[in-house]
Protein chains: 2
Amino acid sequence: MAFTPPVTEQRFVLDHVAGIGELAKTDRFAAASDDVVDAVLEGAGQFAAGEWAPLDRAGDTVGAKLTDKGVVMPDGFREAYRGYVDGGWGTIGSPEAFGGQGLPYALATAVLETLGSANMAFALAPTLTVGAIEALTHHGTPEQQQAYLPHLATGDWTGTMNLTEPQAGSDVGALKTRAEPRGDGSWSIKGTKIYISFGDHDMADNIVHLVLARTPDAPAGTKGLSLFLVPKYRLDADGRPGAFNDINVVSIEHKMGLHGSPTCVLSYGDNDDCRGELIGAEGGGIAAMFTMMNNARLNVGLEGVQVAERATQRAVAYARERIQSARAGSPSREPVAIIEHPDVRRMLMRMKAQTQAARALVYYAAGQVDRANLGDADAKKRLDLLTPLAKAHGTDLGCEVADIGIQVHGGMGYIEETGASQHFRDARVTRIYEGTNGIQAADLVGRKLSMDNGATLNALIADMRGGAEADGLRDLINACETVGRNLLSVDIEDRLAASYPFLTMLSVAVCGWLMEREAKAADALGDSDFAQMKKAAARFYVGQIVPEALGLKAAAMAPADPLYAVGAETFAA
Amino acid sequence: MAFTPPVTEQRFVLDHVAGIGELAKTDRFAAASDDVVDAVLEGAGQFAAGEWAPLDRAGDTVGAKLTDKGVVMPDGFREAYRGYVDGGWGTIGSPEAFGGQGLPYALATAVLETLGSANMAFALAPTLTVGAIEALTHHGTPEQQQAYLPHLATGDWTGTMNLTEPQAGSDVGALKTRAEPRGDGSWSIKGTKIYISFGDHDMADNIVHLVLARTPDAPAGTKGLSLFLVPKYRLDADGRPGAFNDINVVSIEHKMGLHGSPTCVLSYGDNDDCRGELIGAEGGGIAAMFTMMNNARLNVGLEGVQVAERATQRAVAYARERIQSARAGSPSREPVAIIEHPDVRRMLMRMKAQTQAARALVYYAAGQVDRANLGDADAKKRLDLLTPLAKAHGTDLGCEVADIGIQVHGGMGYIEETGASQHFRDARVTRIYEGTNGIQAADLVGRKLSMDNGATLNALIADMRGGAEADGLRDLINACETVGRNLLSVDIEDRLAASYPFLTMLSVAVCGWLMEREAKAADALGDSDFAQMKKAAARFYVGQIVPEALGLKAAAMAPADPLYAVGAETFAA
């Protein structure tokens, strides 16, 4: 099924939620004029729909393959990636000093959304590259930046993040990969990393791995970790990819979905000949990693939007074409398109509303990235608070919408050729990688809630309360305040036990607040189809989804106690 | 991972929810003594864990294949099916007159649960056979029963249900398959049927297809449909499988899961040589189909229990083994098994509670089948009301639990070799087939709610109110009453728009009521591990899951209006 880039919606949300007009008034983002924003959205949409979307299915059915020449992508991916580099689609948000366009992060978010809706697995390559760019921009030396950033900014080279090891998943402090100084300023890297997205492929001339490793005599735990830049090919005297750097692909994982994205097990230094450069300070690996990871988390939340948009388009198209049964209560016995049946209509309305809500949440956070980059300290704090929400709730919604998409298709939804099930399989990992959604919830009630002893949360709640109109939404905001205050007063186990329900409640409150704001803005658009759909989706969201979230209050107020009423061994009884 | 049949739990729920002791006091079910029930549960568990569970993964990875000799099952399935027939595991609930054991349907339900937890795809073969047995038992002539039932009861032959055609999914009235009288009392069948589970395979000597078809000059719509028995091989003079009956396998579907269950497209009468027998009256196809389908719906709800049980066992085992991070707030920095972390513990507790809730719901309905068969008219009405709940909510829970199971595994959950993703993929179709869950919700608010103008619902609510103790549960029961009364007063579109939220609310109310009952019964067991887990799960269910369902009240009270605020074409805008 053809993919139609949602440019009207994207522009609308950039305007009314991310506040791109306000950003364009600053010197830094003056280039983000109305015309440029429109041109970027239109151009990215045409490119993604024309070049990337047609490869989505081959990515799933053929998939990336490990050969004796390394990982080989399915036919067409090399050329389509070249088109991405040549079109400058990777450079939107990258620093101008290194060949980027220096446009707002929020706009780059919209472009990445479009790429990922067209081909979610493929879009992981740029997504990871952004992480490497962030790490180098904030922690690299001028020499490192000059050597690598121009190539990463265009996408000529791609980047990866190497955190996980077999014994260390969410527990980064347990990492064992070693880095030893070679005496010439470089480091010898040795160890095995798993779950490396696009850890190898044949689309770019070099791959820049960012690797967390432990230096000699470093303290145990996370404080002993440093970040290293480890290229697949070392740079020669001219700064071009030269000698192979002893990084070997052990295997690629057999995943349930995202087959177009090779998830590699990488072995560094099998022949003791893998060299890396330290990025930032020795022992500063965790701080540097969070620089990479925070934006990566927003971009994973964005994957929720990507898949939700595509799944919704597919389901709507199917429901408008599929003729089945007369409408209940209708005098006519003529069968109608299933979109006319109330429960199907309810599912589609939910898909529309949840997709819009996810987009509002992620774009709102993206707008805070830009404000934080402009030096707004409050925006930075709000971004920190919103990041776990955008990641976890954005991906929860992506999975929910893909799931409903299957249901709308009925039996056809379970047949692979239809395409609905690919979205469902592809989406599922987004709730796991870049910190599981449970880790996001822990981050929310741990570090984020404690920031300023709750002041950042209180500021958000005050803003929401100032804007919210519907009674149900005000009830939910009040409940979030009550729960937040309670969580600050209880011990860490109680907080963690309540973390996920609270994360969902707060996310829905933010989405409801933003959806109401969008509905008001849509009033000014008269009765265009877009405005009507927006208002209907917002009304559904506030009327039906917001009250559901209020149903989580009991869980969010409950202590950890009931979970530990029985011992671990009793769970297997 | 080894499968451990949950025999203690099954026995407990048979006792306290299905009331098997009461059934054993009747003449008809006198054979269901304590010893027999225990022996059946134990024996089925040993057989399923030993013979069927080891084939579950090959069913997924190798799958059923279409060859020029028809559908071939993966290695080991033939022998394991033979073991099922020889062990008499198919005969538990079948009529004694035809070689069955005539034990309660509730006990047969427990046996089928165990088989399906061991190997869900495989268990579809017996599940469908039960439907054919039901149809013949209620609508077949004595000759037809004598010819087919003894072979179906043992499982020597398997059965299928043939409803769907490409143009007719949920709209059965649109079926086109034709049956023409041949003048000798038999009928000539011609047409194409899709989504036929185990429509062909190499495990049994014959396959008995039950086929909905249209007779000449029959009225349009569902009233023109009749049910036909169409064997793969016609019976010879001795009643043995003889001549091939011109039923051809066109293809098997490429499904997201359940690869061990061949889903066939069958073409009847390509050479005008396919013969069938009419089952029941001409034009009585829909009534006969519902006989098959109602129990099949309970058994699909049971598939939710099957997959939930297996996914939970897998997740608990993983979470007890996987060591990762120290416990928050603990003075020790020693990493612990992840089951000790609050959010993981919450997920596992939810899996346990939802699995038990699904089992309680389905077993309770199964107990009503037995009472209805004993002539209890109220039990029949309650069964009719509960059937859509058991099917839809049972499968919703199966999918939810399988989904959480992936999350507990973290990154490993997305890797196929782990096994968690197979449950997730296998489970997804259960919300679609045998009437999508949306169709179940429509059945609930249409036919079932209108029965006796709501008296059956009111009786259930009165029973629940009499038993329920927790305030939250009482609130939910009251809300169900309010919503039910409102739905009876509004038009059909409003009812349908609210159908799914109402179905979920009512299902959770029933589950909460039964879980409270189970917790009380567990009090009598002292502090065994089983009793402690039961009480903890029930407490979690009533304390956290019940309030969530109350959050659906706004949606269940909402009219259809907001869904139709925009036209179908606007959804694509």
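Because the structure is predicted, anything quoted here is derived from the model rather than measured.

Participant: Before we go on, may I ask you to explain the overall build of chain A in this structure?
Facilitator: Helices and strands together make up the secondary structure of chain A, namely 19 helices and 14 strands. Against the compact-globule benchmark of 25 Å for 573 residues, chain A has a radius of gyration of 24 Å, which places it among compact chains. A buried classification covers 64% of the 573 residues belonging to chain A. Residue pairs at least 24 apart in sequence account for 74% of intrachain contacts in chain A once pairs closer than 6 positions are excluded. Accessible surface, chain A: about 18900 Å² in total, of which carbon and sulfur atoms supply 51%.

Participant: Would you mind going over the nonpolar core with me for this structure?
Facilitator: What tends to happen in soluble globular proteins is that the nonpolar side chains get buried as a cluster. Counting 392 residues, the largest nonpolar core has Leu14, Leu348 and Phe502 of chain A together with Leu14, Leu348 and Phe502 of chain B as its most contacted members. Other than its neighbours up to four places away in sequence, Leu14 of chain A contacts Gly19, Ile20, Val37, Leu41, Ala106, Leu107, Ala110 and Tyr363 of chain A.

Participant: Got a minute to help me understand the interface of chain A and chain B in this structure?
Facilitator: When the parts come together, some accessible area is lost, and that loss is often what is quoted as the size of the interface. Every contact between the two is made by 86 residues of chain A and, on the other side, 86 residues of chain B. Counting the surface lost from both chain A and chain B, the interface buries some 7800 Å², and carbon and sulfur atoms represent 60% of this. Summed over the three residues of chain A that lose the most area to chain B, namely Met256, Tyr414 and Phe571 of chain A, the buried surface amounts to 11% of that side. One can count 6 salt bridges joining chain A with chain B. Between Glu493 of chain B and Arg327 of chain A there is a salt bridge whose closest N-O contact spans 2.7 Å. Taken together, chain A and chain B are joined by 46 residue pairs in polar contact (both at pLDDT 80 or more). Of the residues that constitute the side of chain A that touches chain B, the class distribution is 40 nonpolar, 23 polar and 23 charged.

Participant: How should I be thinking about the domain arrangement of chain A in this particular structure?
Facilitator: The domains assigned to chain A are domain 1 (7–154), domain 2 (159–284) and domain 3 (436–563). Each of domain 2 of chain A and domain 3 of chain A has a C-alpha centre, and the two are 38 Å apart.

Participant: Please clarify how the side chain of Lys255 of chain B should be interpreted in this entry.
Facilitator: With respect to the element layout, Lys255 of chain B can be found in the loop between strand E10 (247–252) and strand E11 (263–268). For Lys255 of chain B, which is buried and forms no salt bridge, the nearest opposite charge comes from Asp426 of chain B, at a distance of 8.1 Å. Separated by 3.1 Å, the side chain of Lys255 of chain B and the backbone oxygen of Leu258 of chain B make a polar contact. Those residues in contact with Lys255 of chain B, other than ones at most four positions away along the chain, are Tyr414, Ile415 and Glu416 of chain A together with Ser261 and Thr263 of chain B.

Participant: I tried to follow the environment of Glu434 of chain A on my own but got confused; where do I start?
Facilitator: All names here are of chain A. Its location among the elements puts Glu434 in the loop between helix H12 (420–427) and helix H13 (437–450). When the C-alpha positions of Glu434 and Met161 are compared, they lie 9.7 Å apart, and in sequence the two are 273 residues distant. Here Glu434 is in contact with Met161, Met293, Ala296, Arg297, Val300, Lys391 and Gln440, once residues within four sequence places are set aside.

Participant: Teacher, can you tell me more about the pattern of salt bridges here?
Facilitator: Between side chains of opposite charge, a pair can form when the charged atoms approach closely. One pass over the structure, following the stated rule, counts 78 salt bridges over all chains. One salt bridge connects Arg11 of chain A with Asp34 of chain A, and the closest N-O pair in it is separated by 2.7 Å. Of the two residues, Arg11 of chain A is situated in helix H1 (residues 7–18) and Asp34 of chain A in helix H3 (residues 34–52); the sequence distance between them amounts to 23 residues. A salt bridge links Arg234 of chain B to Asp273 of chain B; the nearest nitrogen and oxygen atoms lie 3.0 Å apart. Taken together, the positions of Arg234 of chain B in strand E8 (residues 233–235) and Asp273 of chain B in the loop between E11 and strand E12 (275–279) put the pair 39 residues apart, joining distant regions of the chain. A residue is classified by how much of its surface remains accessible, and Arg234 of chain B, at 15% relative accessible area, is buried. A relative accessible area of 31% means that Asp273 of chain B is categorised as partly exposed.

Participant: I would appreciate a short explanation of the pairing of strand E3 (residues 158–162) of chain A in the present structure.
Facilitator: Two faces, one strand: in a regular strand the side chains alternate between the faces of the sheet. Residues and elements named next belong to chain A. The buried fraction of E3 amounts to 5 of the 5 residues, a majority that puts the element mostly inside the structure. Alternating residues of E3 divide into Thr158, Thr160 and Asn162 and Gly159 and Met161, and every residue in both groups is buried. Where E3 and strand E6 (residues 207–214) come together, 5 bridges link them in parallel fashion. Within E6, the residue paired with Thr158 across the bridge is Ile207.

Participant: Before we go on, may I ask you to explain the relation of the copies chain A and chain B in this structure?
Facilitator: Each of the two chain copies goes to the other by way of a rotation about an axis and a shift along it. Each copy of the sequence occupies a distinct position, and chain A is placed on chain B by a rotation of 180 degrees and an axial shift of 0.0 Å, giving an RMSD of 0.0 Å. Both copies of the chain, as the preceding transformation shows, are related through a two-fold rotation axis. Of the C-alpha atoms belonging to chain A, the one lying closest to the rotation axis is found on Gly551 of chain A, 2.1 Å away. A share of 100% of interface residues in chain A that are also interface residues in chain B marks the association as one of identical surfaces.

Participant: Explain the side chain of Gln324 of chain A to me, please; I cannot follow it from the model alone.
Facilitator: One can find Gln324 of chain A in strand E13 (residues 323–326). Within the structure, Gln324 of chain A has its side chain in polar contact with the backbone oxygen of Gln167 of chain B (distance 3.2 Å). Among the polar contacts made by the side chain of Gln324 of chain A, one reaches the main-chain amide nitrogen of Ser170 of chain B at a distance of 3.1 Å.

Participant: For this particular structure, what's the right way to read unusual backbone geometry?
Facilitator: Most peptide bonds are trans, and most residues other than glycine sit at a negative phi. All names here are of chain A. Positive phi values are uncommon outside glycine, yet Asp217 reaches one of about 60 degrees. You can see Asp217 is positioned in the loop between E6 and strand E7 (225–231). A residue is classified by how much of its surface remains accessible, and Asp217, at 81% relative accessible area, is exposed. Despite not being glycine, Leu258 shows a phi value in the positive range, around 50 degrees. On the accessibility criterion, Leu258 (1% relative accessible area) is buried.

Participant: Would you take a moment to explain the UniProt feature "domain: Acyl-CoA oxidase/dehydrogenase middle" (unreviewed entry) in chain A for this structure?
Facilitator: Here the UniProt-annotated "domain: Acyl-CoA oxidase/dehydrogenase middle" (unreviewed entry) positions come out as residues 161–267 of chain A. Its end C-alpha atoms 14 Å apart, residues 161–267 of chain A is made of 0% helix and 47% strand.

Participant: Where do I start with the environment of Gln306 of chain A in this structure?
Facilitator: Residues and elements named next belong to chain A. Among the structural elements, Gln306 can be located in helix H9 (residues 285–321). Remark: the alpha-carbon pair of Gln306 and Pro388, spanning 82 residues in sequence, is separated by 18 Å. In this structure, Gln306 is in contact with Leu112, Glu113, Gly116, Ser117 and Met120, ignoring residues within four places of it in sequence.

Participant: I'm lost on the packing of aromatic side chains in this one. Help?
Facilitator: Aromatic rings considered in pairs are described by the distance between their centres and by the relative angle of their planes. For the structure shown, the criterion picks out 25 aromatic pairs over all chains. Members of the aromatic cluster, each reached through a chain of ring pairs, are Phe47, Trp52, Phe77, Tyr81, Tyr84, Trp89 and Phe122 of chain A. A cation over a ring is seen here: Arg428 of chain A above Phe424 of chain B, with NZ or CZ 5.9 Å from the ring centre. One Lys or Arg, Arg517 of chain A, reaches over the ring of Trp513 of chain A and ends 5.0 Å from the middle of that ring.

Participant: I tried to follow helix H7 (residues 120–139) of chain A on my own but got confused; where do I start?
Facilitator: The α-helix advances 3.6 residues per turn, and as a result positions three or four apart in sequence lie on the same side. Across its 20 residues, H7 of chain A extends 29 Å between first and last C-alpha, which sits within 8% of the 28 Å expected from 1.5 Å per residue. Most of H7 of chain A is tucked away, with 16 of its 20 residues classed as buried.

Participant: Looking at this structure, how should I read the UniProt feature "domain: Acetyl-CoA dehydrogenase-like C-terminal" (unreviewed entry) in chain A?
Facilitator: UniProt annotation of "domain: Acetyl-CoA dehydrogenase-like C-terminal" (unreviewed entry) refers to residues 471–565 of chain A when read in the numbering used here. Helix makes up 81% of residues 471–565 of chain A and strand 0%, whereas the separation of the span's terminal C-alpha atoms amounts to 37 Å.

Participant: Would you mind showing me how to read helix H17 (residues 499–523) of chain A here?
Facilitator: The end-to-end C-alpha distance of H17 of chain A, which contains 25 residues, comes to 36 Å, matching closely the 36 Å that a straight helix rising 1.5 Å per residue would cover. Taking burial as the measure, the 25 residues of H17 of chain A include 22 buried ones, the bulk of the element.

Participant: Mind showing me how you'd approach the packing of helix H1 (residues 7–16) of chain B against helix H10 (residues 342–373) of chain B here?
Facilitator: Residues and elements named next belong to chain B. In contact at an axis separation of 10 Å, H1 and H10 are set at 45 degrees when each is read in the N-to-C sense. In terms of their interaxial angle, H1 and H10 are classed as oblique. Crossing of H1 over H10 shows right-handed handedness. Where H1 approaches H10, its residues Glu9, Gln10, Val13 and Leu14 are matched on the opposing element by Gln356, Arg359, Ala360 and Tyr363. Among the residues making up the contact of H1 with H10, the classes are represented as 4 nonpolar, 2 polar and 2 charged.

Participant: So what exactly am I meant to see when it comes to the packing of helix H3 (residues 34–52) of chain B against helix H5 (residues 77–86) of chain B here?
Facilitator: Geometry of a packed helix pair, given as the angle between the helix axes and the separation of the axes. Residue and element names in this part refer to chain B. Orientation of H3 relative to H5, taken along the N-to-C sense of each, is 170 degrees, at an axis distance of 10 Å. As the angle between them shows, H3 and H5 are arranged roughly antiparallel. Residues Phe47, Glu51 and Trp52 of H3 touch H5, and the partners they reach there are Ala80, Tyr81, Gly83 and Tyr84.

Participant: Can you walk me through the state of the cysteines in this structure?
Facilitator: In protein chemistry, a disulfide is the covalent bond that joins the sulfur atoms of two cysteines. The tally for this structure, following the rule as stated, stands at 0 disulfides over all chains. In this model Cys480 of chain A remains outside any disulfide bridge; the closest cysteine sulfur is found in Cys511 of chain A, 11 Å from its own.

Cut-offs and rules
- Residues numbered from 1 in each chain as written.
- Chains lettered and ligands numbered in written order.
- Predicted model: local features only at pLDDT ≥ 70, side-chain atom pairs only at ≥ 80, totals over all residues.
- Heavy atoms only, no water.
- Helix = DSSP H or I, 4+ residues; strand = E, 2+ residues; numbered from the N terminus.
- Rg over C-alpha atoms; globule rule 2.2 N^0.38 Å.
- Buried < 20%, exposed > 50% of the residue type's maximum accessible area, 1.4 Å probe, protein only.
- Contact = heavy atoms within 4.5 Å.
- Areas by Shrake-Rupley, 256 points an atom, 1.4 Å probe, with all protein chains shown as cover.
- Core = buried A, V, L, I, M, F, W, Y, C linked by side-chain atoms within 4.5 Å.
- Buried area = accessible area lost by both parts, 1.4 Å probe.
- Salt bridge = Lys/Arg side-chain N within 4 Å of Asp/Glu carboxyl O.
- Polar contact = N/O pair within 3.5 Å; in protein donor to acceptor, adjacent residues only side chain to side chain.
- Nonpolar A, V, L, I, M, F, W, Y, C, P; charged D, E, K, R; others polar.
- Domains from an automatic or database assignment.
- Lys, Arg positive; Asp, Glu negative; His and termini not counted.
- Pairing = 2+ DSSP bridges.
- Least-squares fit on C-alpha atoms with pLDDT ≥ 70 in both.
- UniProt positions renumbered as here; feature names shortened; annotations may be inferred.
- Phe/Tyr/Trp six-rings, centres within 6.5 Å; stacked < 30°, edge-to-face > 60°.
- Lys NZ or Arg CZ within 6 Å of the ring centre and 35° of its normal.
- Expected span 1.5 Å × (residues − 1).
- Axes fitted to C-alpha atoms, helices over the stretch in contact; angles between N-to-C directions.
- Parallel < 35°, antiparallel > 145°, perpendicular 65-115°, else oblique.
- Left-handed = near helix turned anticlockwise from the far one by under 90°.
- Disulfide = S-S within 2.5 Å.

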